[in-house]
Structure formats: structure tokens, C-alpha cells
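# Fold and contact review
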Amino acid sequence: MKASVLALALQAMAVQAVRILQSNDDGWAELYLRTFNDALRSSGHDVIVSAPAENQSGTGGRDAEPSNRQAACHYNSCPPNSGAFGHNATRPDLNWVNSFPATSMRYGLDRFGPELWGAPAELAVTGPNYVTNLWLAVHFSGTVGAAVYAAHEAGVPAIAFSAASPAGGSQPWTTTPTPSHSLVYAELATQLVNKLVDSGKPYLPDDVWLNVNFPAATGACSRASDFKWVLSRINTGLLSSRDVEWCGSDRLPHEQRVYDTDGCYIPVSIGDASDRSTVNDVARQEIVLDKLRDMLVCLP
Ligand SMILES: *[C@@H]1O[C@H](CO)[C@@H](O)[C@H](O)[C@H]1NC(C)=O
Ligand SMILES: *[C@@H]1O[C@H](CO)[C@@H](O)[C@H](O)[C@H]1NC(C)=O
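A brief structural summary. (Residues numbered from 1 in each chain as written. Chains lettered and ligands numbered in written order. Predicted model: local features only at pLDDT ≥ 70, side-chain atom pairs only at ≥ 80, totals over all residues. Heavy atoms only, no water.)

## Topic: the site of ligand 2
Every residue near ligand 2 is listed here: N55, S57, G169 and S170. In the environment of ligand 2, an oxygen atom lies 2.3 Å from a nitrogen or oxygen atom belonging to the side chain of N55. Here ligand 2 has 360 Å² of accessible area as a free molecule, and 43% of this is covered by the chains. (Near = heavy atom within 4 Å. Polar contact = N/O pair within 3.5 Å; in protein donor to acceptor, adjacent residues only side chain to side chain. Areas by Shrake-Rupley, 256 points an atom, 1.4 Å probe, with all protein chains shown as cover.)

## A look at the site of ligand 1
In the region of ligand 1, the neighbouring residues are W28, R34, S77, N88, T90, R91 and W173. N88 has a polar side-chain atom sitting 2.4 Å from an oxygen atom of ligand 1. Between ligand 1 and W173, the relevant distance is 2.9 Å, taken from an oxygen atom to a side-chain nitrogen or oxygen of the residue. Relative to its free-state accessible area of 370 Å², ligand 1 is covered by the protein chains to the extent of 59%. Split into classes, the residues belonging to the shell around ligand 1 amount to two nonpolar, three polar and two charged. (Nonpolar A, V, L, I, M, F, W, Y, C, P; charged D, E, K, R; others polar.)

## Structural notes on the pairing of strand 2 (residues 46-52)
Of all seven residues in strand 2, six are buried; the element is thus mostly enclosed. Alignment of strand 1 (residues 19-23) against strand 2, held across four bridges, turns out to be parallel. Considered in strand 2, the bridge of I20 is made with V47. Taken together, strand 1, helix 2 (residues 31-42) and strand 2 form a β-α-β motif whose crossover is right-handed. In terms of strand pairing, strand 2 meets strand 4 (residues 94-97) through four bridges, oriented parallel. Bridging from a neighbouring strand, P52 pairs with V97 of strand 4. (Buried < 20%, exposed > 50% of the residue type's maximum accessible area, 1.4 Å probe, protein only. Helix = DSSP H or I, 4+ residues; strand = E, 2+ residues; numbered from the N terminus. Pairing = 2+ DSSP bridges. Right-handed = clockwise from strand over helix to strand, strands pointing away.)

## Considerations on the packing of aromatic side chains
Applying the stated rule across the entire model yields nine aromatic pairs. The interplanar angle of 55° and the centroid separation of 5.5 Å between the aromatic rings of F85 and Y107 together place this pair among those described as tilted. A residue pair is termed long-range when its members are at least 10 positions apart, and F85 in strand 3 (residues 85-87) and Y107 in helix 3 (residues 101-117) qualify at 22 residues. Overall, F85 belongs to the partly exposed group, its relative accessible area being 29%. Between F161 and F214, the ring centres sit 5.9 Å apart and the planes meet at 10°, which makes this aromatic pair stacked. Of this pair, F161 sits in strand 6 (residues 158-163) while F214 sits in strand 7 (residues 208-214), and the two are 53 residues apart along the sequence. Here the aromatic cluster, defined as three or more aromatic residues joined through ring pairs, consists of Y32, F36, Y130, F161, Y185, F214 and W229. In this structure, K228 packs its charged tip against the face of Y265, placed 4.9 Å from the ring centre. (Phe/Tyr/Trp six-rings, centres within 6.5 Å; stacked < 30°, edge-to-face > 60°. Lys NZ or Arg CZ within 6 Å of the ring centre and 35° of its normal.)

## Section: the environment of A124
Mapped onto the secondary structure, A124 falls in strand 5 (residues 123-130). For the pair formed by A124 and A147, sequence separation is 23 residues and the distance between their alpha carbons is 6.8 Å. Once residues within four sequence positions are removed from consideration, A124 is found in contact with L21, M105, A150, V156, P157, A158 and I159. (Contact = heavy atoms within 4.5 Å.)

## Description of the sheet that holds strand 3
In a beta sheet, neighbouring strands are held together by backbone hydrogen bonds and run either parallel or antiparallel to one another. Within the open sheet, the nine strands sit side by side as 3-4-2-1-5-6-7-9-8. Their pairing is mixed. For this open sheet the edge positions go to strand 3 and strand 8 (228-232), each flanked by a neighbour on one side alone. Shown here is a sheet whose adjacent strand axes are inclined to one another by a mean of 20°, direction ignored. Across the sheet, helix 3 touches strand 1, strand 2, strand 3, strand 4 and strand 5, and the angle it forms with strand 2 is around 145°. Sheet contacts for helix 5 (residues 180-198): strand 1, strand 5, strand 6, strand 7, strand 8 and strand 9 (265-272); angle to strand 6, the most-contacted strand, approximately 160°. (Axes fitted to C-alpha atoms, helices over the stretch in contact; angles between N-to-C directions.)

## A look at the side chain of T35
Summarising the element assignment, T35 is placed in helix 2. Residue T35 is classed as buried on the basis of its relative accessible area of 5%. Discounting residues that sit within four places of it in the chain, T35 has contacts with T178, S182, L183 and A186.

## Here we look at the side chain of D25
Tracing the backbone through its elements, the reader meets D25 in the loop between strand 1 and helix 2. No salt bridge is formed by the buried D25, whose closest oppositely charged neighbour, R276, lies at an N-O distance of 8.7 Å. A polar atom in the side chain of D25 sits 3.1 Å from the backbone nitrogen of G142. With residues near it in sequence (within four places) discarded, D25 still touches P52, E54, N55, Q56, S57, G58, P101, N129, S141, G142 and T143. (Lys, Arg positive; Asp, Glu negative; His and termini not counted. Salt bridge = Lys/Arg side-chain N within 4 Å of Asp/Glu carboxyl O.)

## Structural notes on helix 3
Maximal helix bending in helix 3 amounts to about 45°, located at G108. Burial runs high along helix 3: twelve of the 17 residues are buried. For helix 3, the full list of buried residues reads P101, A102, T103, S104, M105, R106, Y107, G108, L109, F112, G113 and W117. Count one or two residues on from helix 3 and you reach G118, which has phi positive near 65°. (Bend = angle between axes of the 7 residues up to and from the residue.)

The structure is reproduced here in C-alpha cells:
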């Protein structure tokens with residue numbers, strides 16, 4: 001799909017515009033983040049990016065004051081000796097921070113957002129991460145770390161997006177044409193954002209974040225419309241209390257199982273921001289279910 005077609009598709013489904021803080025762990029100049037940024041803006045949202053100056057994959061929830069950079073940023077996206085944080089010269093909404101993902105989220109929420117918006121962020125999103133963050137990986141992911149920082153430390157509802165990705169590493173924001181999988185992930189992530197925004201405030205219950213993983217956008221799953229959303233758990237839940245009644249069961253499926261099922265299923269897990277496990281209380285699970293219900297399907 002061409003970028004202009006994507007923009008039109010998203011404008012057609014535009015909802016109320018909200019202030020969204022966007023981060024990741026692959027770096028501010030990474031392609032997936034920028035494609036998603038374009039899609040959110042096309043949908044009418046007021047988005048500020050605050051993300052690490054370079055790849056900070058696997059740094060979890062670490063948070064440390066940014067230090068001055070000597071080297072250029074990732075993909076030469078800022079010149080050498082640019083200080084501890086900075087922004088695109090013509091796009092002050094695109095910010096980098098020379099530290100961890102959670103730190104960049106903190107700077108975005110505490111500093112760049114209030115400076116540019118004069119108001120707090122209403123929603124935080126991270127990613128889409130280059131490669132998935134399922135189950136055990138959730139504990140090491142900086143993309144998850146930044147989302148959990150927003151939900152737990154700052155009380156801002158947050159969604160972490162991650163995606164199956166071709167080998168070879170992430171790509172720079174200047175990659176042209178934009179690869180179709182990056183466009184599909186951006187469109188899907190924007191659909192979920194708009195669904196939550198449509199559901200009204202509060203967008204998520206207290207201390208809840210969503211962990212979302214897109215299977216490969218190839219073959220039978222090449223278009224956004226091929227994908228289906230499934231409510232899931234981060235951990236298996238063998239020893240957990242019952243889940244909300246859904247799809248004829250009181251145990252939500254494990255996100256890894258959803259992801260591994262043939263048929264373009266996207267697991268959406270209800271995360272507990274206090275420990276990165278699944279929210280083990282039916283009341284908060286039910287609030288999320290009610291918000292997403294009419295876009296969800298059951299696994300076959
Ligand atoms: C900065 O923004 C300009 C204008 O949108 C764009 O052409 C350029 O690629 C951006 N550079 C970075 C590093 O974001
Ligand atoms: C980012 O860093 C991680 C950890 O060092 C590495 O495994 C990964 O391949 C890097 N990603 C890219 C796209 O360079």
C-alpha cells in the first residue's frame with residue numbers, strides 16, 4: 001500500500017484527537033517508529049516522540065540521567081557532540097534522549113510534552129519494536145520498559161507494540177519506499193489506539209498496560225484487514241486465579257499460543273504495570289474486554 005493510501009484510510013476512520021507520547025527501544029530514527037508516527041498524525045493525533053538516541057534493545061526498565069553524546073546518533077540522525085538530548089531542527093515534536101527507553105519516556109512526559117503541548121500526555125505508545133516481545137522477553141524489553149514506566153510511574157495509559165520482523169536488523173527512517181510490513185504494523189497499531197480512544201476515558205484501568213505483538217505481515221497476512229485481535233495473557237496463568245469469562249472459558253489464552261496459531265491472530269495481553277505479569281483481577285480485565293469487545297475474535 002502506498003503511504004498516501006494509508007493516510008487516506010486512516011483519515012477516514014479519524015476519531016477524537018488526543019495527545020500521545022511515543023517511544024521505543026530501537027532508537028528515535030528507526031523506521032517502524034516513524035511509520036507509526038506518520039499514521040497517528042494522519043489519524044489526527046497530536047504526537048510527540050521521545051525515544052533513545054540509538055538502539056537500546058534489551059535494557060528493560062532502566063532509567064538514568066542522559067549524558068552528553070560524543071558520537072552521532074543512530075543512522076547519523078544527529079551530529080556528533082549534540083548534547084544529552086535534542087530534537088529534529090524542523091520538527092520539535094521528534095526528540096531523542098541519550099539514555100534508556102524508560103528515561104526517554106520520562107523526559108517526554110515530564111519535559112517535552114508539557115513544553116510543546118502545555119498539557120499532559122493522554123496516552124503513551126511504544127514501538128512497534130523490531131522483533132516480538134512475548135512472554136519471558138517482556139521482562140527484558142526496553143519497549144515494554146518505557147510503556148510500563150508510563151503506566152506505573154506516571155499514571156498514563158500505555159500500549160507496547162512489537163512485531164515479527166525480517167532478519168537483518170531494523171532500518172533507518174529514510175528507507176524508501178516504506179516497506180509494506182512497516183505500513184501494515186503502523187495501520188494496525190493506529191486501529192487499536194483509535195479503538196481505545198473511542199472507548200472514552202480512562203482509556204485503561206489503573207496500572208494496566210497492553211502488550212501487543214504482530215505476527216509477520218507476509219503471505220496470507222499481508223494486509224491490515226487480514227489480521228484479527230485476540231485478548232490474551234502474558235504468562236500462562238497455571239497458578240493464577242480465574243480470568244474474566246470470555247470465549248467460553250475463564251482462562252485467557254497465552255500470548256505465545258495466540259501468536260503461534262495460523263490465521264493472522266494478534267495477541268493483546270492485559271499487563272500489570274507493577275510487575276509486568278498479567279493483571280490477575282477480573283474487574284480490571286473486564287474493563288479492557290468491554291472496551292475492545294467488538295474488535296476481538298476467539299481462537300478457533
Ligand atoms: C527531520 O525532519 C525533516 C522534516 O520533516 C525530515 O526531512 C528529516 O528527515 C528529519 N530528520 C530526522 C533525523 O528526523
Ligand atoms: C540492538 O541491540 C541489540 C542488543 O545489543 C541487538 O541484539 C540488536 O540486534 C540491535 N538491533 C539492531 C536493529 O541493530
